[in-house]
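Summary of the model geometry
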Amino acid sequence: MSAELWNSAVRVLETNWTGDHMVPSRKLYPHQWSWDAAFIAIGLVYVNPTRAWRDLRSLFEAQWPDGRVPHIVFDPATAEADYFPGPGFWDVPAYGDRPARGSTGIVQPPMHAIAAWEVYRHAAAHGAACGQQARTELEWLYPRLVAQQRYLTTSRNLGGAGLASVVHPWESGLDNSPAWDEAMANVPADLGLLTTYRRRDLAVSDAAHRPTDVDYSRYVGLVLTYRAGGYSDDGLLERHAFAVECPSFNSILASAELALAQIAGELGLAAEARAHRDRAQAITTAIVQRLWNPQTRTFHALDVHTGKLSPARCVSGLMPLMLPDLTAGHVEAIMAEARSDRFGIGELPVPSYDRTAPDFDTQRYWRGPLWVNVNWLLRRGLLVHGFRDEAEDLRTAMVRLVHHNGHFEYFHPVTGEGLGAPTFSWTAALSLDLLADRSVPAYARAG
């Protein structure tokens, strides 16, 4: 099984390489996506370290002067009609040495420091030449990764407590998660926008798998509001209807600080390494103070406008397990949630949403299906806190799932059937990592 899965994953990554960057999947996603690039690099390094570095560098070459890393970098060779919402819709002005309309104006979870460290430690093992290249690339990326973190922890600290707010569901990576339902209910839904702006996704994928028209009209409206303000975050709460603190996004934000501490240490920047560790601890504390619900004993998304926690129990609530500074009580509660009927770590990886909820949907995107990338993050959390057996069971379940069903974007949470885009890059790349690396993150809690 291992050799067959490895070879099929390598073929997917070969198919989706453009010469400069990796696309998530040729059919539905013809540009470069931000957190996809991070997950892809983590697996791509095993077969082509040069491409792994190039993919990350290509993304950060599109970084904004304020530090934000756009969630899509547009390929100028792809026609506007081939993807919506495309560069004309986003209408991003020129910045730095980037041409106008070269990217979107929103972000995605900052997985990139984690990826840079993982690529570095594996590339360095490929020999002296790869090790020198890895050092050079790490030195180039480090200040840009720091700038990304600074943007998220300052400009996006809309709640004032040290957590980053997402201002569009797409920024979370968990696009149509039930975690956003209450906050999105306060966003106007103008279905007429879908007459002006035609959805492209429904022409190439099953409508039953994708966000509804009501949701999509709200997505479009939020972009138009943000765009009208020049994508500025100054005074954003007063003029923008959606601002949410997500436990998954902020757990990745804190984990990125831990990865930056490792990178800074490798580069001989001891004081900076300590500062990164301190920031990770501060973000962890803020996650517990603001996103923990003692009644449900799990973490939830917080609507910054209303101060209310979402009632939805989503996979994002399990992601703080990645954080080594989490208390034993919170770790035990996450594990109880993960083992419960709601998520049920077992033969299949965990779904994106509570299996017992009345609106659990086995096919619609982040409202039930299971995804390899968040399960990869959950497995990382299991390793951080010493749950070696369950981490290995989850690894085996993911490997078995992809081997039996293919490198799909996501999977049916009951049958395991592949759903969404086929030949999906992060599924292939993370399969390589699952096959090759069983090590524990260096900052795992000792004992």
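**Regarding the overall build of the chain**
The secondary structure content of the chain amounts to 18 helices and nine strands. Here the C-alpha radius of gyration of the chain, 20 Å, is about what a compact globule of 447 residues would show, namely 22 Å. The C-alpha extent of the chain, read off along each of the three principal axes, is 55 × 50 × 45 Å. A total of 447 residues make up the chain; the buried ones form 62% of that total. When the accessible area of the chain is evaluated, it comes to approximately 15700 Å², of which 50% is carbon and sulfur surface. Put simply, the chain has 40 plus and 49 minus side-chain charges, and the middle of one group is 2 Å from the middle of the other.

**Structural notes on unusual backbone geometry**
The omega torsion across Phe 84 and Pro 85 is 0°, close enough to zero to call that bond cis. Mapped onto the fold, Pro 85 is located in the loop between strand 2 (72-73) and helix 4 (87-90). Of note, Asp 91 is a non-glycine position whose phi angle comes to about 50°, a positive value. Relative to the helices and strands, Asp 91 is located in the loop between helix 4 and helix 5 (112-123). Classification of Asp 91 by relative accessible area gives partly exposed; the value is 37%. Here the phi dihedral of Tyr 231 falls at roughly 60°; this positive angle occurs in a residue that is not glycine. Of note, Tyr 231 is situated in the loop between helix 11 (213-228) and helix 12 (236-239).

**A closer look at the side chain of Asp 36**
Tracing the chain through its elements places Asp 36 in helix 2 (residues 34-44). Excluding residues within four positions of it along the chain, Asp 36 makes contact with Pro 24, Gln 108, Phe 424 and Trp 426.

**What about the pattern of salt bridges?**
With the rule as written, the count across this model stands at 25 salt bridges. For Arg 156, the salt bridge identified is with Glu 171, shortest N-O distance 2.7 Å. A residue pair is termed long-range when its members are at least 10 positions apart, and Arg 156 in the loop between helix 6 (128-154) and helix 7 (169-172) and Glu 171 in helix 7 qualify at 15 residues. Exposure class is identical for Arg 156 and Glu 171. Each is buried. The residue Arg 290 makes a salt bridge to Glu 245 at a minimum N-O spacing of 2.8 Å. With Arg 290 in helix 14 (residues 270-291) and Glu 245 in strand 3 (residues 244-245), this pair connects stretches of sequence that are 45 residues apart. Overall, the relative accessible area of 25% leaves Arg 290 in the partly exposed class. Given the relative accessible area of 0%, Glu 245 is considered buried.

**Regarding helix 5**
Taking 1.5 Å per residue, 12 residues should reach 16 Å; helix 5 reaches 16 Å between its end C-alpha atoms and fits that length. Counting buried residues in helix 5 gives 11 out of 12 residues, a clear majority hidden from the surface. Turning to helix 5, its buried residues are His 112, Ala 113, Ile 114, Ala 115, Ala 116, Trp 117, Glu 118, Val 119, Tyr 120, His 122 and Ala 123.

**Side note on the environment of Gly 329**
Tracing the backbone shows Gly 329 in helix 15 (residues 328-339). A residue is classified by how much of its surface remains accessible, and Gly 329, at 34% relative accessible area, is partly exposed.

**Remarks on the packing of helix 2 against helix 18 (residues 425-436)**
Close contact between helix 2 and helix 18 brings their axes to 7 Å; oriented N to C, the two are set at 35°. You can see that helix 2 and helix 18 cross each other, and the crossing is left-handed. Counting all contacts with helix 2, which are made through Trp 35, Asp 36, Phe 39, Ile 40, Ile 42, Gly 43 and Leu 44, the residues of helix 18 involved are Ser 425, Trp 426, Ala 429, Leu 430, Leu 432 and Asp 433. Grouping the constituent residues of the contact of helix 2 with helix 18 by class yields nine nonpolar, two polar and two charged.

**A few points about the packing of aromatic side chains**
Evaluated as defined, the whole model comprises 27 aromatic pairs. An aromatic cluster is defined as three or more aromatic residues linked by ring pairs; in this entry it consists of Tyr 29, Trp 33, Trp 35, Phe 39, Tyr 83, Tyr 365, Trp 366, Trp 371, Trp 376, Tyr 410, Phe 424 and Trp 426. Between Arg 57 and the ring centre of Trp 140, over which it is positioned, the NZ or CZ distance is 4.1 Å. Here the basic side chain of Arg 227 rests over the ring of Phe 89, its NZ or CZ set 5.7 Å away from the ring centre.

**A look at the nonpolar core**
Within the largest apolar cluster, 151 residues are counted, with the highest numbers of intra-cluster contacts made by Trp 53, Trp 90, Met 111, Trp 180, Phe 242 and Ile 263. Top contributing element to this core by residue count: helix 13 (residues 247-266), with 10 residues. Apart from the residues lying within four places of it in its own chain, the contact partners of Trp 90 are His 71, Phe 74, Pro 85, Ser 103, Thr 104, Gly 105, Ile 106, Trp 170, Val 223, Arg 227 and Tyr 231.

**Let's talk about the sheet that holds strand 7 (residues 308-309)**
The strand order across the open sheet formed by three strands is 3-6-7, and the pairing between neighbours is antiparallel. Of all strands in the sheet, those bounded by a partner on one side alone are strand 3 and strand 7. Judged from the two bridges that link them, strand 3 and strand 6 (residues 302-303) form a sheet pairing that is antiparallel. Along strand 6, the bridge assignment pairs Val 244 with Asp 303.

**Here's the deal with the side chain of Glu 245**
A polar contact is formed between the side chain of Glu 245 and the side chain of Arg 290, at a distance of 2.8 Å. Contacts of Glu 245, omitting those with residues within four sequence positions, involve Gly 159, Leu 163, Ala 164, Ser 165, Asn 250, Arg 290, Leu 291, His 300, Ala 301, Leu 302 and Val 304.

The rules we used
- Residues numbered from 1 in each chain as written.
- Predicted model: local features only at pLDDT ≥ 70, side-chain atom pairs only at ≥ 80, totals over all residues.
- Heavy atoms only, no water.
- Helix = DSSP H or I, 4+ residues; strand = E, 2+ residues; numbered from the N terminus.
- Rg over C-alpha atoms; globule rule 2.2 N^0.38 Å.
- Buried < 20%, exposed > 50% of the residue type's maximum accessible area, 1.4 Å probe, protein only.
- Areas by Shrake-Rupley, 256 points an atom, 1.4 Å probe, with all protein chains shown as cover.
- Lys, Arg positive; Asp, Glu negative; His and termini not counted.
- Charge placed at Lys NZ, Arg CZ, Asp CG, Glu CD.
- Contact = heavy atoms within 4.5 Å.
- Salt bridge = Lys/Arg side-chain N within 4 Å of Asp/Glu carboxyl O.
- Expected span 1.5 Å × (residues − 1).
- Axes fitted to C-alpha atoms, helices over the stretch in contact; angles between N-to-C directions.
- Left-handed = near helix turned anticlockwise from the far one by under 90°.
- Nonpolar A, V, L, I, M, F, W, Y, C, P; charged D, E, K, R; others polar.
- Phe/Tyr/Trp six-rings, centres within 6.5 Å; stacked < 30°, edge-to-face > 60°.
- Lys NZ or Arg CZ within 6 Å of the ring centre and 35° of its normal.
- Core = buried A, V, L, I, M, F, W, Y, C linked by side-chain atoms within 4.5 Å.
- Pairing = 2+ DSSP bridges.
- Polar contact = N/O pair within 3.5 Å; in protein donor to acceptor, adjacent residues only side chain to side chain.

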